[in-house]
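The chain contents come next:
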Amino acid sequence: MIEINNESAIDVDETVLLRLTEHNLAQLNVSPDADVAIVLVDEGAMEALHVQWMDEPGPTDVLSFPMDELRPGTVDRPTPPGLLGDIVLCPQVAEGQAVTAGHSLMDELILLTTHGLLHLLGFDHAEPDEEREMFGLQKELIVGFAAAERRRR
């Protein structure tokens, strides 16, 4: 089950984030019954989480809180249902990044949600080879989702 809760002051199309997460879970062969919570918060709440969990000042764009340490499955052996964890997004920070990147807030939130989901599934980008793998997969998922969205219309 995917739960989305917008506690921020910015209006976001939650149905897009829902379709994105369903798409990404399917592409990564994770059970559609896996539980993921996506929470959108304002800068103050994000800063508090950033300080508490990362010991870093200021708000950030996305934080991930993995639960059951699930990993991507395969076509033959999908990841079983379980508690994937929480993705916390800050639309205000994302808005500034979207302007810098020259795309929409929704495009930035799609990128950040995908990034957060990959962290829930054990991906990281601390080392150069990990970064190449994670960012390559992230791009592949986003491009695939964009194509799926175009087919919906």
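Report follows, based on the coordinates. (Residues numbered from 1 in each chain as written. Predicted model: local features only at pLDDT ≥ 70, side-chain atom pairs only at ≥ 80, totals over all residues. Heavy atoms only, no water.)

## A look at the layout of surface pockets
Then, number 1: Roughly 300 Å³ of internal volume is contained in the largest pocket.
Then, number 2: Along its surface, the largest pocket is lined by 13 residues, and Met54, Val62, Leu63, Ser64 and His119 are the ones closest to its centre.
Then, number 3: At the level of secondary structure, the elements contributing two or more residues to the lining of the largest pocket comprise helix H2 (43-54), strand E3 (62-66) and helix H4 (105-120).
Then, number 4: The biggest single contributor to the lining of the largest pocket is E3, with 5 residues.
Then, number 5: Computed from the structure, the second largest pocket encloses a volume of approximately 160 Å³.
Then, number 6: Every residue along the wall of the second largest pocket is listed here: Val16, His103, Asp107, Ile110, Leu111, Ile142, Phe145, Ala146, Glu149 and Arg153.
Then, number 7: Residue assignment for the lining of the second largest pocket shows that the elements contributing at least two residues are H4 and helix H5 (128-152). (1 Å grid on protein atoms, 1.4 Å probe; cavity = no way out; pocket = protein on both sides within 12 Å on 5 of 7 lines; lining within 4 Å. Points joined across faces, edges and corners; volume = space filled by probe spheres on them. Helix = DSSP H or I, 4+ residues; strand = E, 2+ residues; numbered from the N terminus.)

## Concerning the packing of helix H1 (residues 14-27) against H5
Geometrically, a packed helix pair is captured by the angle between its two axes and the distance between the axes.
Then, number 1: Where H1 contacts H5, the two axes come as close as 10 Å, and the packing angle between them is 120 degrees. In this view, H1 runs oblique relative to H5, as classed from their interaxial angle. H1 and H5 meet at a crossing whose hand is right-handed. Residues Val16, Arg19, Leu20, His23, Asn24 and Gln27 of H1 pack against Leu141, Gly144, Phe145, Ala148, Glu149 and Arg152 of H5.
Then, number 2: Classifying every residue of the contact of H1 with H5 by side-chain character gives 5 nonpolar, 4 polar and 3 charged. (Axes fitted to C-alpha atoms, helices over the stretch in contact; angles between N-to-C directions. Parallel < 35°, antiparallel > 145°, perpendicular 65-115°, else oblique. Left-handed = near helix turned anticlockwise from the far one by under 90°. Contact = heavy atoms within 4.5 Å. Nonpolar A, V, L, I, M, F, W, Y, C, P; charged D, E, K, R; others polar.)

## Focus: the side chain of Glu108
Then, number 1: Residue placement: Glu108 occurs in helix H4.
Then, number 2: The buried charged residue Glu108 lacks any salt bridge partner; its closest oppositely charged side chain belongs to Lys139, at an N-O distance of 14 Å.
Then, number 3: For Glu108, the side chain forms a polar contact with the side chain of His103, separated by 2.6 Å.
Then, number 4: Setting aside anything within four residues of it in sequence, one finds Glu108 in contact with Ala94, Gln97, Ala98 and His103. (Buried < 20%, exposed > 50% of the residue type's maximum accessible area, 1.4 Å probe, protein only. Lys, Arg positive; Asp, Glu negative; His and termini not counted. Salt bridge = Lys/Arg side-chain N within 4 Å of Asp/Glu carboxyl O. Polar contact = N/O pair within 3.5 Å; in protein donor to acceptor, adjacent residues only side chain to side chain.)

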